[in-house]
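Structural characterization, general
As a plain string of letters, each chain reads:
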Amino acid sequence: MSTARCHDGRIQPRLYPGLEWILALLLLCVLVGCGGHPKNVLIPVADSAPNSTKVDMLVTTTRSRSTIRGEMFTGERALAPAFADITVSIPLQTSERSAKSPGRRGFHPIPQPISQP
């Protein structure tokens, strides 16, 4: 059992020596769970990057469709599966350029392609 010193110099035993750390970690976990998520990241835009690679994707989910612009599906379950056809444009990568991730702070470097001999 560990001890703690009082203001007047007396020593008292501590019943739970690691309780402060456990409470601090629990508070941190609760605060992290309160964070939001990026919104309006699926709003269609015109293709402005020349020579970009386009990837066609078929999305299937059991969530219901959303009426809010920028959201394709809600968090509510649907009675039947919902489908969506999405085309994603991926710009060419250069060494001097950085991409900013939506909803995050700061710039994140774009990974460079591996050149083959």
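Helices and strands together make up the secondary structure of the protein chain, namely 1 helix and 6 strands. Element order for the protein chain, N to C, with α for helix and β for strand: β-β-α-β-β-β-β. With the model as given, the accessible surface of the protein chain reaches about 10,600 Å², and the carbon-plus-sulfur share is 62%.

Now for a nonpolar patch on the surface. There is a patch of nonpolar side chains on the surface, built from Tyr 16, Leu 19, Ile 22, Leu 23, Leu 26 and Val 30 and spanning about 620 Å² of accessible area. Examined against the element boundaries, Leu 26 turns out to sit in helix α1 (residues 19–33). On the basis of relative accessibility, which here comes to 51%, the residue Leu 26 falls in the exposed class.

The next point concerns the confidence of the model for the protein chain. On average, residues of the protein chain carry a pLDDT of 75, and 72% of them reach 70 or more. Predicted confidence in the protein chain is weakest over strand β5 (residues 98–99), with a mean pLDDT of 50, and strongest over strand β3 (residues 53–65), with 89.

Within the fold, Ser 66 resides in the loop between β3 and β4 (73–90). Residue Ser 66 is classed as buried on the basis of its relative accessible area of 17%. Of note is the side chain of Ser 66, whose polar atom sits 3.1 Å from the backbone nitrogen of Ile 68. Not counting the four nearest positions on each side in its chain, Ser 66 is found in contact with Glu 71, Met 72, Phe 73 and Thr 74.

Right, let's talk about the side chain of Thr 61 for a bit. Tracing the backbone shows Thr 61 in strand β3. Look at Thr 61 and you get buried, because its relative accessible area is 19%. In terms of polar contacts, Thr 61 uses its side chain to reach the backbone amide nitrogen of Arg 63, at 3.2 Å. Excluding residues within four positions of it along the chain, Thr 61 makes contact with Phe 73, Pro 81 and Ala 82.

Attention now goes to α1. Every α-helix winds through 3.6 residues per turn, so residues three or four apart in the chain are directed the same way. Compared with the 21 Å implied by 1.5 Å per residue over 15 residues, the 21 Å span of α1 between its first and last C-alpha is a close match. Across the 15 residues of α1, 0 count as buried, placing the element largely on the outside.

Its place among the elements puts Pro 50 in the loop between α1 and β3. As a C-alpha pair, Pro 50 and Pro 91 span 41 residues in sequence and 7.8 Å in three-dimensional space.

Cut-offs used in this document
Residue positions within a chain follow its written sequence, with the count starting from 1. For a predicted model such as this one, the threshold for reporting local features is a pLDDT of at least 70, and the threshold for listing and counting side-chain atom pairs is 80 or more; totals across whole chains, interfaces and linings nevertheless cover every residue. Derived side-chain values reflect all non-hydrogen atoms in the structure, with water molecules and hydrogen atoms excluded from consideration. In this description a helix means any DSSP run of H or I spanning at least four residues, a strand means any run of E spanning at least two, and both kinds are numbered starting from the N terminus. Accessible surface area values rest on a Shrake-Rupley calculation with a 1.4 Å probe, where residue burial reflects the displayed protein chains alone. For patches, a residue must show more than 30% relative accessible area and have no salt bridge; joins then use 9 Å for like charges and 5 Å for nonpolar side chains, namely Val, Leu, Ile, Met, Phe, Trp and Tyr. The working definition used for a salt bridge is a side-chain nitrogen of Lys or Arg within 4 Å of a carboxyl oxygen of Asp or Glu. Burial status follows relative accessibility: with a 1.4 Å probe on protein chains alone, a residue under 20% of its type maximum counts as buried, one over 50% as exposed, and anything between as partly exposed. Each residue carries a pLDDT score, the predictor's own confidence in it, on a scale running from 0 to 100. In the analysis that follows, any N or O atom pair within 3.5 Å is treated as a polar contact, provided that within protein one partner can donate a hydrogen and the other can accept it, and provided that, for residues neighboring in sequence, both atoms belong to side chains. Two residues qualify as a contact provided that any one of their heavy atoms is within 4.5 Å of a heavy atom in the partner residue. To estimate the expected span of a helix, count its residues, drop one, and scale the result by 1.5 Å.

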